[in-house]
Amino acid sequence: MQIEIDSSSGFCFGVTTAIRKAEEELASGQTLYCLGDIVHNSIEVERLHAKGLVTINHDQLRELRGVKVLLRAHGEPPETYEIARNNNIEIIDATCPVVLQLQRRIKKQWENGGEGSVVIFGKNGHAEVLGLVGQTQGKAIVIENFDDVKSLDFAHDIYLYSQTTKNIDEYHRLIDYIQHHISSEATFKSFDTICRQVASRMPNIAAFARRHDLILFVSGRKSSNGRVLFHECLSVNPNSHQIERPEEINPEWLKDIQTVGICGATSTPLWLMEQCRDHIEEALSRSLA
């Protein structure tokens, strides 16, 4: 059996930076808090917890004073920074540069947009989307899917942005619909805000999935990016399975299989994909013994 790990899978730049900053701070021996899971991968979160990282929520943030808090790659709304200032909290800001630029663009558009609507294609409640909506004092409209776009007010200006990890084809479908329905007296502008490092993984992972008899997609089930990429695998290779850890690999999946492809989301560490490979190799060794 041949086992291949997808070379284009694994942490994106933003996640790599956030984890590096966390590890640097933890190496000093001081307590470090992280606002929300540092990454949507429970195994990596557990590893950093063992090093001393403490995950908190926004309610707990309000109770802290004089500590260090890391902001993960997803970004935060302005209110979070205000709480930190008021509570003498030192922020270790690991917001992804792509997300940070998007926040600034949305804030500028909101401040200059007049009667127009700022619309964000993204998942309601997702950490990144909450940070984006926060740039508009909570007034931005979030649409999660194609059906949602039909409820927009096409009589007024629309400024459309996307969460950085959304599917680019779905985004273009929304753009086409709005272009065909917007009033001739209204302005419509769409902005290319999908991260290219993430978008390029779609065709790459599809090609990878086609090459193998079995695909093991390693990802936390909270990961929005993971869901998108896994469904891309599944669409080209029905023998694809999403797992979070090696123990979830079903030996039945390996029967009569010649090649196994292991891939993952932007929140999946390489070491975890390697553990999945090692788990399969050990199982094969035992079966041959």
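Everything that follows concerns the structure shown earlier in this document.
Computed from a prediction, not measured in an experiment: that's the story for all the values here. (Residues numbered from 1 in each chain as written. Predicted model: local features only at pLDDT ≥ 70, side-chain atom pairs only at ≥ 80, totals over all residues. Heavy atoms only, no water.)

## Thoughts on the sheet that holds strand E2 (residues 32–35)
Adjacent strands of a sheet pair through backbone hydrogen bonds, lying either parallel or antiparallel. Heads up, the rule is: The criterion for strand pairing is that DSSP finds at least two bridges linking the strands in question. Note on conventions: DSSP H or I runs of at least 4 residues are helices, E runs of at least 2 residues are strands, and numbering of each starts at the N terminus. Angles here are taken between N-to-C directions and fall from 0 to 180 degrees, while the axes themselves are lines fitted to C-alpha atoms, restricted in helices to the stretch in contact. When checking whether two residues touch, look at their non-hydrogen atoms; a contact exists if any pair is within 4.5 Å.
Ordered by their spatial adjacency, four strands build an open sheet running E3-E2-E4-E5, and the pairing between neighbours is parallel. Both outer strands of the open sheet, strand E3 (53–56) and strand E5 (90–93), are each paired with one neighbouring strand and no more. The sheet shows a mean angle of 35° between the axes of neighbouring strands, taken without regard to direction. Note that E2 and E3 share four bridges and pair parallel. If you follow Cys34 over to E3, its bridge partner there is Thr55. Together, E2, strand E4 (68–71) and E5 form the strand contacts of helix H4 (residues 78–86), whose direction differs from that of E5 by roughly 145°.

## Quick notes on the sheet that holds strand E12 (residues 259–264)
Ordered by their spatial adjacency, four strands build an open sheet running E1-E12-E10-E11, and the pairing between neighbours is parallel. A single partner strand is all that each edge strand has here, and the edge strands are strand E1 (2–5) and strand E11 (240–243). The average undirected angle you get between the axes of adjacent strands in this sheet is 20°. Seen against the sheet, helix H10 (residues 201–210) touches E1, strand E10 (214–218) and E12 and runs at an angle of roughly 160° to E12.

## Brief notes about the pairing of E11
Put simply, the rule reads: Think of it in three bands: residues with accessible area under 20% of the maximum for their type are buried, residues over 50% are exposed, and the middle band is partly exposed, with areas taken using a 1.4 Å probe on protein chains only.
Residues of E11 alternate between two faces, with Ser240 and Gln242 on one and His241 and Ile243 on the opposite face, all of them buried. Across four bridges, E10 lies against E11 in parallel orientation. The residue of E11 that forms the bridge with Ile215 is Ser240.

## Focus: the packing of helix H5 (residues 97–112) against helix H6 (residues 127–134)
In helix packing, the relevant descriptors are the interaxial angle and the interaxial distance, both defined with respect to the helix axes. Short version of the rule: Here roughly perpendicular refers to angles of 65 to 115 degrees, roughly parallel to angles under 35, roughly antiparallel to angles over 145, and oblique to all remaining angles. Each crossing gets its hand from how the near helix is turned against the far one by less than a right angle, where anticlockwise is left-handed and clockwise is right-handed. For this classification, Asp, Glu, Lys and Arg are treated as charged, while Ala, Val, Leu, Ile, Met, Phe, Trp, Tyr, Cys and Pro are nonpolar and the rest, including Gly, are polar.
Between H5 and H6, the shortest axis-to-axis distance is 8 Å and the interhelical angle comes to 30°. Relative to H6, the element H5 is oriented roughly parallel. Handedness of the crossing formed by H5 with H6: right-handed. Two secondary-structure elements touch here, H5 through Val99, Leu102, Gln103 and Ile106 and H6 through Glu128, Gly131 and Leu132. Of the residues assigned to the contact of H5 with H6, the class counts are four nonpolar, two polar and one charged.

## Notes on the side chain of Gln242
Here Gln242 shows up in strand E11. Ignoring any residue separated from it by four or fewer positions in sequence, one finds Gln242 in contact with Phe217, Ser219, Gly220, Arg221, Phe230 and Glu248.

## As for the packing of aromatic side chains
So the rule is basically this: Any pair of Phe, Tyr and Trp rings, taking the six-membered ring for Trp, is counted once the centres come within 6.5 Å. Such a pair is stacked with planes under 30 degrees apart, edge-to-face with planes over 60 apart, and tilted for the rest. By the criterion adopted, a ring carries a charge over it if an Arg CZ or a Lys NZ lies within 6 Å of its centre and within 35 degrees of its normal.
Throughout the structure, instances matching the rule amount to five aromatic pairs. A ring pair is formed by Phe121 and Tyr171, whose centres lie 6.2 Å apart and whose planes are at 0°; its orientation type is stacked. Of this pair, Phe121 sits in strand E6 (residues 117–121) while Tyr171 is found in helix H8 (residues 168–181), placing the two residues 50 residues apart along the sequence. Summarising the aromatic geometry, the rings of Tyr161 and Phe191 are spaced 4.5 Å apart at their centres and angled 10° between planes, so their arrangement reads as stacked. Residue Tyr161 is found in strand E8 (residues 158–162), and its partner Phe191 is found in the loop between strand E9 (188–190) and helix H9 (196–199); the two are separated by 30 residues along the sequence. For the pair formed by Tyr161 and Phe191, the shared burial category is buried. Grouped by ring-pair contacts, the aromatic residues Phe146, Phe154 and Tyr177 constitute a single cluster. Sitting over the face of the ring of Phe146, Arg173 holds its NZ or CZ atom 3.8 Å from the ring centroid.

## A few points about H8
Rules: A helix's residues, less one, multiplied by 1.5 Å, set its expected span. Under the rule applied, a polar contact is a pair of N or O atoms within 3.5 Å (in protein, one hydrogen donor and one hydrogen acceptor; residues adjacent in sequence only if both atoms are side-chain atoms).
Taking 1.5 Å of rise per residue, the 14 residues of H8 would be expected to cover 20 Å, and the 20 Å separating its terminal C-alpha atoms lies within 8% of that figure. Those residues of H8 hidden inside the fold are in contact with E6, strand E7 (141–143), helix H7 (146–149), E8 and E9. Where H8 begins, one side-chain oxygen reaches toward the backbone nitrogen of Asp169, 2.7 Å away; that side chain belongs to Asn167.

## Here we look at the side chain of Thr266
Residue placement: Thr266 occurs in the loop between E12 and helix H12 (270–288). On the basis of relative accessible area, Thr266 is assigned to the buried category, the value being 7%.

## Notes on the nonpolar core
What counts here: Nonpolar cores are built from buried Ala, Val, Leu, Ile, Met, Phe, Trp, Tyr and Cys residues. Side-chain atoms within 4.5 Å join them into one set.
Counting residues in each nonpolar core, the largest one holds 19 residues, and the members touching the most others are Ile143, Val149, Leu152, Ile158, Leu160 and Ile178. Among the elements of the structure, E6, H7, E8 and H8 are those that each provide at least two residues to this core. Contact partners of Ile158, with chain neighbours within four places excluded, come to Ser117, Val119, Leu152, Asp153, Ile178, Ile182, Thr187, Phe188 and Lys189. Core analysis: the next-biggest nonpolar cluster, separate from the first, contains 16 residues, Ala22, Leu32, Ile38 and Leu53 among them.

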